[in-house]
Amino acid sequence: MSIHSFFSLLGGLALFLYGMQMMSTNLEAAAGSRMKQILERLTANRFLGVLVGAGITAIIQSSSATTVMVVGFVNSQLMTLKQAVWIIMGANIGTTVTGQLIALDIGAIAPLIAFTGVALILFVKQKKVQFAGGIVAGLGILFLGMGMMSAAMIPLRESPHFVNLMTKFSNPLLGILAGAAFTAIIQSSSASVGILQALAVSGLIGLDSAVFVLFGQNIGTCITAVLASIGANRDAKRTTLIHLIFNILGTTVFTLVCLASPFTHWMAAFTPDNPAAQIANVHTLFNIVTTLLLLPFGTQLARISEKLLPDKPLETTDEERWFEDLLASEHVLGVSVIARKQLNGDIAQMLALAAANVEASFLAFEQKNGEELEQLQLREEEIDLYNAQLSRKISRVLAVENSPSEVKALNRMFSIIGNVERIGDHAVNIAGYAQTMMERRMELSSQASLELTDMRTSCMRAIHLVCSAYRIDSGCLPEYSSMAEHDFRLEQPSIPEQPSMPEHPSLLEQALLLEQDIDRRTARYRSNQIERMRNGQCHVETSILYSEILTDYERIGDHAFNIAQALDKLENN
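Residues numbered from 1 in each chain as written. Predicted model: local features only at pLDDT ≥ 70, side-chain atom pairs only at ≥ 80, totals over all residues. Heavy atoms only, no water.

## Side note on the nonpolar core
Most often, soluble globular proteins have nonpolar side chains that are buried together.
Part 1 of the reasoning: With 65 residues, the main nonpolar core has V358, F362, F365, I416, M455, I463 and L567 as its most contacted residues.
Part 2 of the reasoning: Of all the elements in the fold, those that place two or more residues in this core are helix 18 (335-367), helix 19 (370-398), helix 20 (404-439), helix 21 (446-469), helix 22 (507-534) and helix 23 (540-571).
Part 3 of the reasoning: Of all the elements, helix 18 adds the most residues to this core, at 14 residues.
Part 4 of the reasoning: Residues in contact with L567, not counting those within four places in the same chain, are I416, V466, A469, Y470 and L507.
Part 5 of the reasoning: Counting residues in each nonpolar core, the second largest holds 23 residues, with A180, L204, F212 and M267 among its members. (Core = buried A, V, L, I, M, F, W, Y, C linked by side-chain atoms within 4.5 Å. Buried < 20%, exposed > 50% of the residue type's maximum accessible area, 1.4 Å probe, protein only. Helix = DSSP H or I, 4+ residues; strand = E, 2+ residues; numbered from the N terminus. Contact = heavy atoms within 4.5 Å.)

Here it is in C-alpha cells:
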C-alpha cells in the first residue's frame, strides 16, 4: 500500500466515524428527551418493549446509547430488570438499520447529501431544522468516508500478507475475537460493521470470513454498557450481563449454523453483487432470529443474571455499628446524651475542614496555586462525607429518642451540619472564581484586592467564633487562631454606625454583630464595584465574578450566624 493510499484510508475512516457520530448526536438531540419518556412508559409487555427498543435505536442510530439509557433507568429504579430485557433485545435489532443504510448504493450522490445537510445547518436558524441538517450532513459524510476507505483498500488485494491476514478470519474463534476487540475499542457496533462492509466492498474479505467478525462485533458492543454500569447498583450490572448473554448465545447459535450449513452461500445469493448488503442482511437476521429465540425466555435471562450476580450480603454500616455500640452500653436511657457528645466531636472536625476551605478560597486569589485548589476540593469531599454520615447517625438516634428536649437538640444539630456543609459549598464557589481568573489571566483592581483581604478577615472572625464554641484545637486553625483575642468592635472607618458591644457579649451577640458587619461590608463593596465600573477601572467579566464572590461572602456570614443561633439554643436546652 502506498503512502497516498494509507493517508486516504485514514481520511476515509475519519470521515466515516465523524459522519456516524454526527448523525447519532443530532438524532439524539432532536429526539433524545422524548425517547427517554417513551422508554420509561412503553415497556408494559415484552412485544411492546422490543418494538420500543428497536424503534428508539433505529432513530438515534446507537444501540449503545439505548442500552446506556436502560442501565441508567434500572439503576434509578425507573425500570425493572425484566423490562430492560425487552428493550435490549429491541436495541439489537434497531442497530442493524445503520448497516442497511450503508448498503444502499448511493455513493455517487453522497457529496450532494452532505452539501444539503451543511446548507440547512448554515442558512436555517431553527434548531429542529439544524438538527435535521446535521443528520443529513452526517449521512453524506459517512458515505464519502465509506467511498474513500473502499477505494484506498483496493490495492491491498495485491498484498499477499494482508490477504493472508483476512483469510485467517475464516477461523471462527479468531474472527469473533477480532470483531469483539475492534468494536470494544471504538465502542460502536454500527461503525465497526460499516468498516467491515468497506473491507467487503474492496474485495478483501468474503462473507464466509466476515460473518464471524460480525458476530464478534455484536459481543464487543456490550463494552459501552459495561462501562456505564461501573458504580451502578446490582440490577444495572445485571442489565449489562443480560446484554452480553444475549449476544454470546446468538453468536454461538449462528456460528454453529455457519459451520454446519451453507448459510453464507444462501445469504450471498440474495444480493450477489453487493457485499455490503450481504453483511447488512446477516447482521439484521442475526439480531432478529436471536430475539425471536430468546423472547420466550426473557424472564429466565433475568433469573440467570441474578444467579450470576447475586445480591451482596448486607454489611453493617459504620453508623449502624456506632449506634449498636451505644445501645449495648450500660447507659441506654441516656443514649442521646452520649450520642450528642460524640456527634459534637464529628461536627467540630467538619467545621474545621470548612474553616480551612474558606481561608484557602480567599487566599487562592493571592497565591494562584493549583495544588492548593486540589486540596480544597479533597476537603470538600470530606465535608460532604461528614454531612452524610452525621445525618444518618442523628436519624438513628431520633428513631429511638422520645424526650422532646432531646429531639429539639438533635434537630438543631441537623441544622448546624447543614449550615457547615453550605459554608463549604460557598468556599468551593469562591475558589472556583479564583480558578476562572487564573485560567483567563484576569486580575482584580488594587482596591478590590484590599476589599477581598477584608472579606477574608471578617469571614474568618465569624467562623472562628463558632469554632471556639466547639473548642476546636487552635492548631487545627493556624491561619486565624490569633483572632481569638481580637476585638470584635471592627474599626473600619468606611463602614459607619457600628453598634456598641456589650461588656460581656454572649456567643449569639458577637455572632450578630459580625453578621451585621458582613452585611454592611457587602453593601459597601458592591457600591464601590459599581463606581469602579462607571469609571472604567475594571473589566465587565471581572465585575461579574466579583459580584458572585460578594454573594458567597455574605452567605458564609449568614450560615455562621445560623450556627451560632443553634448553638445558643443548644446551650439553653
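Continuing now.
## Observations concerning the packing of aromatic side chains
Part 1 of the reasoning: This model, assessed by the stated rule, comprises five aromatic pairs.
Part 2 of the reasoning: Consider the rings of F215 and F286, whose centres lie 5.3 Å apart with planes at 20°: the pair is stacked. Pair noted here: F215 is in helix 11 (residues 207-220) and F286 is in helix 15 (residues 275-294), with a separation of 71 residues, a long-range link.
Part 3 of the reasoning: A relative accessible area of 0% places F215 in the buried class.
Part 4 of the reasoning: Ring plane angle 50° and centroid distance 5.2 Å describe the contact between F254 and F286, whose orientation is recorded as tilted. Taken as a pair, F254 in helix 13 (residues 234-260) and F286 in helix 15 lie far apart in primary sequence, 32 residues in all.
Part 5 of the reasoning: An aromatic cluster is defined as three or more aromatic residues linked by ring pairs; in this entry it consists of F212, F215, F254, F263 and F286.
Part 6 of the reasoning: Above the face of the Y546 ring, R532 is positioned so that its terminal group lies 5.5 Å from the ring centre. (Phe/Tyr/Trp six-rings, centres within 6.5 Å; stacked < 30°, edge-to-face > 60°. Lys NZ or Arg CZ within 6 Å of the ring centre and 35° of its normal.)

## Focus: the packing of helix 19 against helix 20
Part 1 of the reasoning: Running from N to C, helix 19 and helix 20 point in directions that differ by 165°, and their axes come no closer than 10 Å. The angle between the axes of helix 19 and helix 20 places the two elements in the roughly antiparallel class. When the axes of helix 19 and helix 20 are compared, the crossing they make is left-handed. (Axes fitted to C-alpha atoms, helices over the stretch in contact; angles between N-to-C directions. Parallel < 35°, antiparallel > 145°, perpendicular 65-115°, else oblique. Left-handed = near helix turned anticlockwise from the far one by under 90°.)

## Looking at the pattern of salt bridges
Part 1 of the reasoning: The tally for this structure, following the rule as stated, stands at seven salt bridges.
Part 2 of the reasoning: Close ionic contact of R521 with D517 constitutes a salt bridge, the shortest N to O distance being 2.8 Å. Remark: D517 and R521 occur in helix 22; sequence separation between them is four residues, near one turn of the helix.
Part 3 of the reasoning: Residue R534 pairs with E531 through a salt bridge whose shortest N-O separation is 3.7 Å. Remark: E531 and R534 occur in helix 22; sequence separation between them is three residues, near one turn of the helix. (Salt bridge = Lys/Arg side-chain N within 4 Å of Asp/Glu carboxyl O.)

## Describing unusual backbone geometry
Part 1 of the reasoning: In this model, R441 sits at a positive phi of 55°, which is unusual for a non-glycine residue.
Part 2 of the reasoning: Mapped onto the fold, R441 is located in the loop between helix 20 and helix 21.

## A look at the confidence of the model for the protein chain
Part 1 of the reasoning: Predicted confidence across the protein chain gives a mean pLDDT of 76, with 74% of residues reaching 70 or more.
Part 2 of the reasoning: Helix 22 holds the highest mean pLDDT among the elements of the protein chain, 88, whereas helix 17 (residues 318-327) holds the lowest, 55.
Part 3 of the reasoning: Considering only residues more than four positions removed or in separate chains, one finds that residues 328-333, a stretch of pLDDT under 50, has three contacts. (pLDDT = per-residue confidence, 0-100.)

## Let's talk about helix 10 (residues 189-201)
Part 1 of the reasoning: Between its first and last C-alpha, helix 10 extends 18 Å over 13 residues, near the 18 Å set by a 1.5 Å rise per residue.
Part 2 of the reasoning: Judged by how many residues are buried, helix 10 sits mostly within the fold: twelve of 13 residues are covered.
Part 3 of the reasoning: The set of residues buried in helix 10 consists of S189, S190, A191, S192, V193, G194, I195, L196, Q197, A198, L199 and A200.
Part 4 of the reasoning: Just downstream of helix 10 lies G203, where phi reads positive at about 75°. (Expected span 1.5 Å × (residues − 1).)

## Here's the deal with helix 6 (residues 110-123)
Part 1 of the reasoning: When the terminal C-alpha atoms of helix 6 are compared, their 20 Å separation across 14 residues agrees well with the 20 Å that a helix rising 1.5 Å per residue should span.
Part 2 of the reasoning: The complete set of buried residues in helix 6 reads A110, I113, A114, G117 and A119.

## Quick word on the side chain of N287
Part 1 of the reasoning: Locating N287 in the fold gives a position in helix 15.
Part 2 of the reasoning: The buried category is assigned to N287, whose relative accessible area is 0%.
Part 3 of the reasoning: Not counting the four nearest positions on each side in its chain, N287 is found in contact with N92, I93, T96, N218, F246 and N247.

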